[in-house]
Amino acid sequence: FDKDLSDQKSSNSTGNTIREDEPIIPEEEDGNKNNGIPNKQIGDWGEKYVFNFLKIKTYAGLKDLTYTELGFTGIDRNVDVIEVKWLNRNGNIGKGYDFVILKNEKEIEYIEVKTTIKTGKTYHDITGTQWGWAWKLYQQGNGDKYIIYAVKGANSSNAKIVSVKNPIKEWTEGRLFLHPLKIKV
């Protein structure tokens, strides 16, 4: 470490120099800035929205629908038993995903929900546990089982879901942008 780095400048992806007092992510693109509404409240709203979406849209055709402590089960048109589990329904458990979908008791999909009141493209925090689970599935050849549902326009009647299937693949192929990354040393 002989080199003096005091004159080193940082630059963003466009090559422009970043001043230290400039936010790295503009507030209008920060999915965690929700006009003073606590992130937990927005996150809970988003998870409930996704639960209802899964029940009313994705799995609307299930027969013999039965509600469980964490979600619901039913029989699809192929006579497979589908179960939707909302893992955080009774408190955050920190598994790396918020929902798990099972088909005949086999886990077939993991959904991580990110929520914002904003409607445009936004950045969302991904924990090490979440990224690690997505990475593990990707390495096992099961990356398509991990989906991020970004709920946009939360807390309004105009909410919608934007999904990212297999985020590790999307990232490695340059279609998903990560910024900023943090490391613990």
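Residues numbered from 1 in each chain as written. Predicted model: local features only at pLDDT ≥ 70, side-chain atom pairs only at ≥ 80, totals over all residues. Heavy atoms only, no water.

**Some details on the pattern of salt bridges**
Then step 1. This model, assessed by the stated rule, comprises five salt bridges.
Then step 2. With its nearest N and O atoms 2.5 Å apart, the salt bridge here joins arginine 175 to glutamate 173.
Then step 3. Overlapping salt bridges bring together Glu170, Glu173 and Arg175 as one network. (Salt bridge = Lys/Arg side-chain N within 4 Å of Asp/Glu carboxyl O.)

**Thoughts on the pairing of strand E2 (residues 71–75)**
Then step 1. Along E2, four of the five residues are buried, which leaves the element largely enclosed by surrounding structure.
Then step 2. Across three bridges, strand E1 (residues 63–67) lies against E2 in antiparallel orientation. Of the residues in E2, the one forming a bridge with tyrosine 67 is phenylalanine 72.
Then step 3. Here E1 hands over to E2 after three residues, the two strands then running antiparallel side by side.
Then step 4. Relative to strand E3 (residues 81–86), E2 runs antiparallel, the two sharing five bridges. Note that in E3 the partner of glycine 71 across the bridge is lysine 85.
Then step 5. Remark: five residues form the turn of the hairpin made by E2 and E3, two consecutive strands paired antiparallel; valine 79 in that turn has positive phi of roughly 65°. (Buried < 20%, exposed > 50% of the residue type's maximum accessible area, 1.4 Å probe, protein only. Helix = DSSP H or I, 4+ residues; strand = E, 2+ residues; numbered from the N terminus. Pairing = 2+ DSSP bridges.)

**Notes on the environment of alanine 159**
Then step 1. Within the secondary structure, alanine 159 sits in the loop between strand E6 (146–152) and strand E7 (160–165).
Then step 2. Owing to a relative accessible area of 12%, alanine 159 belongs among the buried residues under this scheme.
Then step 3. Separated by 43 residues in sequence, alanine 159 and threonine 116 have C-alpha atoms that sit 9.4 Å apart.
Then step 4. Not counting chain neighbours up to four residues away, the residues in contact with alanine 159 comprise Trp45, Tyr49, Val151, Lys152, Gly153 and Ala154. (Contact = heavy atoms within 4.5 Å.)

**Here we look at the confidence of the model for the chain**
Then step 1. Summarising the model, the chain shows a mean pLDDT of 85, and 83% of its residues fall at 70 or more.
Then step 2. Note on residues 1–22: pLDDT under 50 across the span, and nine contacts to partners over four residues away in sequence or across chains. (pLDDT = per-residue confidence, 0-100.)

**Quick notes on the side chain of lysine 152**
Then step 1. With respect to the helices and strands, lysine 152 occurs in strand E6.
Then step 2. Lysine 152 gets classed as buried once you look at its relative accessible area, which sits at 7%.
Then step 3. Ignoring anything within four residues of it in the chain, the contact list for lysine 152 reads Thr116, Lys118, Thr119, Gly120, Lys121, Thr122, His124, Asn158, Ala159, Lys160 and Val162.

**Examining the packing of aromatic side chains**
Then step 1. Applying the stated criterion across every chain, the model contains 11 aromatic pairs.
Then step 2. A ring pair is formed by phenylalanine 51 and phenylalanine 72, whose centres lie 5.6 Å apart and whose planes are at 70°; its orientation type is edge-to-face. With phenylalanine 51 in helix H1 (residues 39–58) and phenylalanine 72 in strand E2, this pair connects stretches of sequence that are 21 residues apart.
Then step 3. An aromatic cluster of three or more residues is present, and its members are Phe51, Phe72, Trp86 and Phe99.
Then step 4. The residue whose ring lies beneath arginine 89 is phenylalanine 51, and the NZ or CZ to ring-centre distance is 4.9 Å. (Phe/Tyr/Trp six-rings, centres within 6.5 Å; stacked < 30°, edge-to-face > 60°. Lys NZ or Arg CZ within 6 Å of the ring centre and 35° of its normal.)

**Some remarks on the sheet that holds E2**
Then step 1. Strand order in the open sheet made by the seven strands is E1-E2-E3-E4-E5-E6-E7, with mixed pairing throughout. Both outer strands of the open sheet, E1 and E7, are each paired with one neighbouring strand and no more. Sheet twist, expressed as the average angle between the axes of neighbouring strands with direction ignored, equals 20°.
Then step 2. The strands that H1 touches are E1, E2, E3, strand E4 (99–103), strand E5 (106–115), E6 and E7; relative to E5, the one it contacts most, it runs at about 140°. (Axes fitted to C-alpha atoms, helices over the stretch in contact; angles between N-to-C directions.)

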